[in-house]
Amino acid sequence: MSGHRTADAIIVGGGVHGCSAAWHLAKEGLKVVLFEAGYLSSGGSGRSAAGLRQHFGTEVNCRLAKYNLECFPTLGEDLGLGDEYNLEFAQWGYLWVAYSDASYEQLEKNVKLQNSLDIPSEMLSPAEMKRRWPYFRVDRMTGGAFCHQDGHINPHTLTIAYGKAAEKSGAFVKTFTPVEKLLESGGKITGVQAAGETWSAPRVLLTAGPWSTPLAATVGVDLPVTPERHNLLVTEQIEPFNCPMTLCLDDGAYFKQLPNGSFFLGRDDPDEPKTMISGNSAKFLHGVTNSVLARFPGLSGVRVVHQWSGPYDVTPDHQAIIDWTPLEGLWTNCGWSGHGLQFGPSGGRLAKEMFFGEQTFVDIHNFRLSRFEEGDLFEEPAFI
Amino acid sequence: MAGTLDKDGVVVCRCEEVTQEEVRAWIAKGYHTFDELKRVLRVGMGPCQGRGCRDIILRELSQATGAPLTEIYPGVIRPPVKPIKLGLCAYGKETEMKECAK
C-alpha cells in the first residue's frame, strides 16, 4: 500500500471525529488513510472537558446526542478492544444552572424539546438542587435543568481507542504526519500532500477542527471556522462522591468530578486569544477558582495539579458543518464550537453514511455549509 | 529483574501506580512519546506531575527506540509548578479562604 499511496478515503485530523470516521469506513472494507499532525487526540479532542450531555436546544443535536449516549456504555466492546483502553465512562449527570429568569425560561424550552424526544431531563428548583447536592451554594440561582443519563468520558482514550479500532479494521493511521495541503484537479479533490508525499483518494474528509480552515483554503474552499482558546484545570484526586457536571450560566463557569476523583474546573473568558496555540494564564487560574468556589466552597482545600488550554472550532451559529463542500469529493465534519467531543459516535456514523450516499440516520441538513451564504443561521441556544 | 523486587513489578509512577512492565508493554504497542504514554497510562498526570516518573520513562523510551536520551521530547510541563489549594488561587490569603469554606 505504501508504494501506491492511494486510498478510497483520506481523513485529515486524528481527533475523535476523524478516528471514529476511520473506524466506520474501514469496517466497510474501504482503504482508509488517516493523517494526524501530532498524536491522536493532540488537538481539540484531547483538551476537551469531555462532558456528555443530551441538553441541547435544537432537535438535530438532541437526536444525535441521544444516539451518542446509546453508544458509550458498550463502546469498548463494540470497538473490539475489551478493556485495553480505560474510557472512564460515568453517568453522574449534567446540570445547567440558571441565574436569571430569561435563562431559566430557555432551559425550560430546551427540556421540553428534550422530553418530546424521550430524553429524561428535568427542571429543578434551587431547593431541590440543595437537597440533591448539599455542598452547593444555591443563592441567586433561579433553577436548573438536569439529566441523570449524562456524564463523562476520557477524551484521550476515547479518541485513541477509535483510532486503534480503525487500525485493527485495516485503516492506516499515520500520526506525526502533518498534511501540508489538499490537492485538486478539474474541480475535484484528488488527495493530499502529507510530509512531502502525495497521497491520492477520490474522497477526503476534513476533521481537523480549527485547522480545517487553512487546509480547506489550499483548494479554495472557504470555511467560517475560527479558533478560540479555552482553559481547564484539574485537581488532585479526592474520594469520589459523584458530583455531576455543573454549568453556571451567569459567567460560564463549570466543574465536575471525574471517576478517579479529580475535579475539572473551567470558565469562559472573552479575553482569551483567538488562537490554536495553547498557553496558560494566571488570570484564568484566579478567575475560575473564584467563580467555582462561590458555588462550591467545600473545594477550597483541594489542590490544583495543572491547567491546560485547547482550541474550540467556532462557527457563527455555534453549530457544526457536516456537508460536502463545493469541491467534489471533499467533505467536512468540523466547527462543533466546543461540544464536539461527545458527538464522536454519531460523527463517524454520519461520515460513513455520507460516503456511501445513504440517507443519514438523523436529518442533518441544518449543518450544511451553504447556510452561512444563505444567511440561514441555525443557532444552538445551549452552547458553552 | 522486577520480579525479584516485588511480585507486582517495579512501580515507576507512584501517583497513578504504573509499573515498569506496563510502560514497556505500551511502548512496544507503538506509543513512542512521553505525551502519548501519559494519555494511555496516566503517567505524569498525578499530583507530582511527572517529577517521579518522567526521567525513568524517557530512559525507557530511549532504550526501546534506540534514540539518544537527549533527543527524546520530554513532553509539556504545565503550571502551576507545585499543587496549590484552589482557595489560595482564588483569594490569595488563608484568612479569606477559611471564610469561604464556612
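No experiment lies behind these values; they were computed from the predicted model shown.

Draft legend 1. Summary view of the overall build of chain A. A tally of helices and strands in chain A yields 11 helices and 19 strands. Taking 384 residues into account, the globule formula puts the C-alpha radius of gyration at 21 Å, and chain A, at 21 Å, falls close to it. If one aligns the C-alpha atoms of chain A with their principal axes, the spans along those axes are about 65 × 40 × 40 Å. Out of the 384 residues belonging to chain A, those deemed buried represent 54%. Expressed as a percentage of contacts within chain A between residues at least 6 apart in sequence, the contacts between residues at least 24 apart total 73%.

Draft legend 2. Quick peek at the overall build of chain B. Scanning chain B from terminus to terminus reveals 6 helices and 3 strands. Beginning at the N terminus, the succession of helices and strands in chain B can be written as α-β-β-α-α-α-β-α-α. Across the 102 residues in chain B, those meeting the buried criterion constitute 33%. Partitioning the intrachain contacts of chain B with sequence separation of at least 6 by distance along the chain shows that 41% fall at a separation of at least 24.

Draft legend 3. Representation of the nonpolar core in the model. All names here are of chain A. Counting residues in hydrophobic clusters, the biggest one holds 134 residues, and the most contacted among them are Ala22, Val32 and Ala166. For this core, the domains that each give at least three residues are domain 1 (9-49 + 156-224 + 316-374) and domain 2 (92-150 + 226-312). In this structure, alanine 166 is in contact with Cys19, Ala22, Trp23, Ala26, Val32, Leu34, Ala171 and Val173, ignoring residues within four places of it in sequence.

Draft legend 4. Representation of the packing of helix 2 (residues 20-28) of chain B against helix 3 (residues 34-41) of chain B in the model. Residues and elements named next belong to chain B. The geometry of helix 2 relative to helix 3 is characterised by a closest axis approach of 11 Å and an angle of 115 degrees between their N-to-C directions. Our pair here, helix 2 against helix 3, has a crossing hand that is right-handed. Contacts between helix 2 and helix 3 involve Glu22, Val23 and Trp26 on the former and, on the latter, Leu37, Val40 and Leu41. Its residues assigned to classes, the contact of helix 2 with helix 3 shows 5 nonpolar, no polar and 1 charged.

Draft legend 5. Broad picture of the sheet that holds strand 9 (residues 179-185) of chain A. All names here are of chain A. Pairing within the open sheet is antiparallel, and its 3 strands lie in the order 9-10-11. Strand pairing shows two members of the sheet lacking a second neighbour, strand 9 and strand 11 (197-200), which therefore form its edges. On average, adjacent strands in this sheet sit at an angle of 30 degrees to one another, irrespective of strand direction. Summarising the sheet, strand 9 and strand 10 (residues 188-194) pair through 6 bridges and their orientation is antiparallel. Bridging from a neighbouring strand, valine 179 pairs with alanine 194 of strand 10.

Draft legend 6. A look at the environment of glycine 209 of chain A. All names here are of chain A. Tracing the chain through its elements places glycine 209 in the loop between strand 12 (203-206) and helix 8 (212-217). Glycine 209 sits in the buried class, given 27 other C-beta atoms within 10 Å. Separated by 117 residues in the primary sequence, glycine 209 and proline 326 place their C-alpha atoms 19 Å from one another. The residues contacting glycine 209, other than those within four sequence positions of it, are Gly13, Gly15, Gly43, Gly44, Pro311, Asp313 and Cys334.

Draft legend 7. A look at the sheet that holds strand 1 (residues 9-12) of chain A. Residues and elements named next belong to chain A. In spatial order, the strands read 8-2-1-12-19-18; together these 6 strands make up an open sheet with mixed pairing. Two strands in the sheet have a free side with no partner beyond their single neighbour: strand 8 (172-174) and strand 18 (321-324). For this sheet, the mean angle separating the axes of adjacent strands, direction not counted, is 15 degrees. Direction of pairing for strand 1 relative to strand 2 (residues 32-35): parallel, over a ladder of 4 bridges. If you follow valine 12 over to strand 2, its bridge partner there is phenylalanine 35. The strands touched by helix 1 (residues 16-27) are strand 1, strand 2, strand 8, strand 12 and strand 19 (330-334); relative to strand 2, the strand with the most contacts, the crossing angle is about 170 degrees. Sheet strands in contact with helix 10 (residues 344-355) are strand 1, strand 12, strand 18 and strand 19, and its direction is about 165 degrees off that of strand 19.

Draft legend 8. Highlighting the domain arrangement of chain A. Residue and element names in this part refer to chain A. Under the domain assignment used here, chain A contains domain 1 (9-49 + 156-224 + 316-374) and domain 2 (92-150 + 226-312). Each partner contributes residues to the interface: domain 1 has 10 residues there, and domain 2 has 12 residues. Residues of the side of domain 1 that touches domain 2, tallied by class, amount to 3 nonpolar, 6 polar and 1 charged.

Draft legend 9. Looking closely at unusual backbone geometry. The omega torsion across proline 79 of chain B and proline 80 of chain B is -5 degrees, close enough to zero to call that bond cis. Mapping proline 80 of chain B onto the fold places it in the loop between helix 4 (54-65) and strand 3 (84-85). Positive phi is not limited to glycine here, since alanine 50 of chain A has a value of about 55 degrees. Structurally, alanine 50 of chain A can be placed in the loop between helix 2 (44-47) and strand 3 (51-52). The phi dihedral of arginine 42 of chain B falls on the positive side, at around 70 degrees, and the residue is not glycine. Here arginine 42 of chain B is to be found in the loop between helix 3 and helix 4.

Draft legend 10. The interface of chain A and chain B, seen in detail. The interface of chain A with chain B comprises 27 residues on the first partner and 20 residues on the second. Of all the secondary-structure elements, those providing two or more residues to the side of chain A that touches chain B are helix 7 (155-168), helix 9 (282-295) and strand 17 (303-314) of chain A. Of the residues assigned to the side of chain A that touches chain B, the class counts are 11 nonpolar, 14 polar and 2 charged. Both strand 17 of chain A and strand 3 of chain B contribute to a ladder of 2 bridges, which runs antiparallel. Residue pairing in the sheet places arginine 303 of chain A in a bridge with lysine 85 of chain B of strand 3 of chain B.

Draft legend 11. Region of the structure containing the environment of glutamine 307 of chain A. For glutamine 307 of chain A, the location among the structural elements is in strand 17. In this structure, the C-alpha to C-alpha distance between glutamine 307 of chain A and alanine 282 of chain A, residues 25 residues apart in sequence, is 9.8 Å. Glutamine 307 of chain A has contacts with Asn231, Leu232, Leu233, Asn280, Phe284 and Leu285 of chain A together with Arg78 and Pro79 of chain B, leaving out every residue within four places of it along the chain.

Draft legend 12. Layout of the confidence of the model for chain B. Residue and element names in this part refer to chain B. Here chain B averages 86 in pLDDT, and 82% of its residues register 70 or above. Mean pLDDT per element in chain B: helix 6 (residues 94-101) is the minimum at 48, and helix 4 is the maximum at 97. Listed scores for the predicted complex are pTM 0.95 and ipTM 0.91.

Reading the values: rules and limits
- Residues numbered from 1 in each chain as written.
- Chains lettered and ligands numbered in written order.
- Predicted model: local features only at pLDDT ≥ 70, side-chain atom pairs only at ≥ 80, totals over all residues.
- Helix = DSSP H or I, 4+ residues; strand = E, 2+ residues; numbered from the N terminus.
- Rg over C-alpha atoms; globule rule 2.2 N^0.38 Å.
- Buried ≥ 20, exposed ≤ 12 C-beta atoms within 10 Å, placed from the backbone.
- Contact = placed C-beta atoms within 7 Å.
- Core = buried A, V, L, I, M, F, W, Y, C linked by C-beta atoms within 7 Å.
- Domains from an automatic or database assignment.
- Axes fitted to C-alpha atoms, helices over the stretch in contact; angles between N-to-C directions.
- Left-handed = near helix turned anticlockwise from the far one by under 90°.
- Nonpolar A, V, L, I, M, F, W, Y, C, P; charged D, E, K, R; others polar.
- Pairing = 2+ DSSP bridges.
- pLDDT = per-residue confidence, 0-100.

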